[in-house]
Amino acid sequence: MACGEVMARRERPVLSVEEAQAHILSTVHVLGLEKVQLLEAAERVLAQEVPADRDIPPVTNAAMDGFALRGADVAAGRREFEVVGQVAAGHQTDVRVGPGEAVRIMTGAPVPEGADTVVRFEQTQLSDGQITLLKPPSPGANVRQAGEDVRRGQSVLKPGKLLRPQEIGMLAALGQLEVSVIRRPRVAILGTGDEVVPPDRTPGPSQIRDANSHTVAAQVQRYGAVPLMMGVAHDEEELVRQGMRSAVERGADFIITSGGVSVGDFDLVKQVMDAEGRMHFWSLNMKPGRPMAFGDVGGVPLLGLPGNPVAAMISTRLYARPALLKMQGRRSWSESTIIARLVDPITRKDGRRHYLRVRLRDTEDGFEAEQTGDQGSGILNSLVQADGLAVIPEDARHLPAGSDVEVILLE
């Protein structure tokens, strides 16, 4: 590689977290549609309008077990009623309720003609086919009107709606057993490095098992995407190139690599990206995770993560997560955060934004955040022990114990 090319790379601007996120988001787009079975649609984004095919509830019905009667009788002061029939949920009755009459009724059963009020069983006394009201109900009490939830022909769900459990229930109520949703991104995950071996192999003295690919794959699944495990490309330019090309050939919508994005002699990911596509940036003002490459290969966005496992996981959270959510049609990808007090003081000199792994304690005075030991970017156990990431701003040189900080929740 020519010296000028190396210098050009080293002169690329160092981006803030927000600048990098905005750039990545500007390059990805919402994917196409697919039809799936109802339960497969959970946590997906709806891609069709769903009208109601009937009123819900379909008939005026009882909201409680009790007796159906005329509210006008109760308003007039009547307290004793003759029981002239009964009706259960899912059944009809041809009994008509007249003055001074009541019908025994179960929750969900249609309110018989003439009645408009239900008094609960426990508010009555039954004797010899008659009830006495112990606590008179308000006229119209305990009755659900036909169509009070949904009217026939009403547009109940619109495209862009995230299908939570309540939306899945509504779709079932509307008879929609198959729906159109935005498809899930296919994310190719490629490890790199001579020192990395698959988890089922015994590492040599200078080797490590491939934790990064599996950490990233689990994150990708959590964000709703489908991981494609591409294995590990060793430190040869042609092998890295083959790995990237294979990801494109397998139909990946997004590619994530780990390792090979720093300035070492064997950091080949940036080099191959330049040759096979475009590299947009590779240096960020954060810790851990300063070296990171983003660009595209074969028209597919590629996020090149650092090799250290903590940096790889945090970078996936900050940059891959919003991109993958956007590709699925999500309209919001904001983080779940809380404010917590630092247990220990923090002093820094490098002017980067720090993401500290912290354990949270819920106290009477709010949350406390305590660092989970060694904060090195290679200490994966610091994340295993962590509940969140404390965000230390770039301009915070010293934060005494007790300072409030924003914490990104990991759960």
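These notes cover the structure that comes with them. (Residues numbered from 1 in each chain as written. Predicted model: local features only at pLDDT ≥ 70, side-chain atom pairs only at ≥ 80, totals over all residues. Heavy atoms only, no water.)

### Some remarks on the overall build of the protein
Formally: The numbering of helices and of strands both runs from the N terminus, where a helix is a DSSP run of H or I of at least 4 residues and a strand a run of E of at least 2. This radius of gyration counts C-alpha atoms alone. The globule rule is 2.2 Å times how many residues there are, raised to the power 0.38. Three exposure classes are used, based on accessible area relative to the maximum for each residue type with a 1.4 Å probe and protein chains only: buried under 20%, partly exposed in between, and exposed over 50%. A contact between two residues is defined here by any heavy atoms of the two lying within 4.5 Å. Note on areas: these come from Shrake-Rupley sampling with a 1.4 Å probe, and a residue is covered only by the protein chains present in the view. Charge counting treats Lys and Arg as positive and Asp and Glu as negative, with His and both chain ends excluded. Lysine's charge is taken at NZ, arginine's at CZ, aspartate's at CG and glutamate's at CD.
The secondary structure content of the protein amounts to nine helices and 28 strands. The globule rule puts the C-alpha radius of gyration for 411 residues at 22 Å, and the 31 Å found for the protein is more than 25% above it. Taking the principal axes of the C-alpha coordinates as reference, the protein spans close to 100 × 50 × 40 Å. Out of the 411 residues belonging to the protein, those deemed buried represent 45%. Nonlocal contacts in the protein, meaning residues at least 24 apart in sequence, comprise 69% of its contacts between residues at least 6 apart. As displayed, the protein has an accessible area near 19,800 Å², and 48% of this comes from carbon and sulfur atoms. On the protein, the mean spot of the 46 positive side-chain charges and the mean spot of the 54 negative ones are 2 Å from each other.

### Some remarks on helix α5 (residues 211–222)
For clarity, the cut-off: Given a helix with a known number of residues, its expected span is that number minus one, times 1.5 Å.
Between its first and last C-alpha atoms α5 spans 17 Å; for 12 residues at 1.5 Å apiece the expected length is 16 Å, and the two agree. Where α5 is buried, its residues meet β13 (186–192), β16 (226–233), β17 (254–258), β21 (300–305) and α8 (309–327). Positive phi appears at G224, one or two residues downstream of α5, with a value of about 90°.

### Describing the environment of T337
Among the secondary structure elements, T337 is positioned in strand β22 (residues 337–342). Judged by its relative accessible area of 35%, T337 falls in the partly exposed class. As for T337 and G299, which are separated by 38 residues in sequence, their C-alpha atoms are 34 Å apart. With residues up to four places along the chain from it excluded, the contact list for T337 reads E406, V407 and I408.

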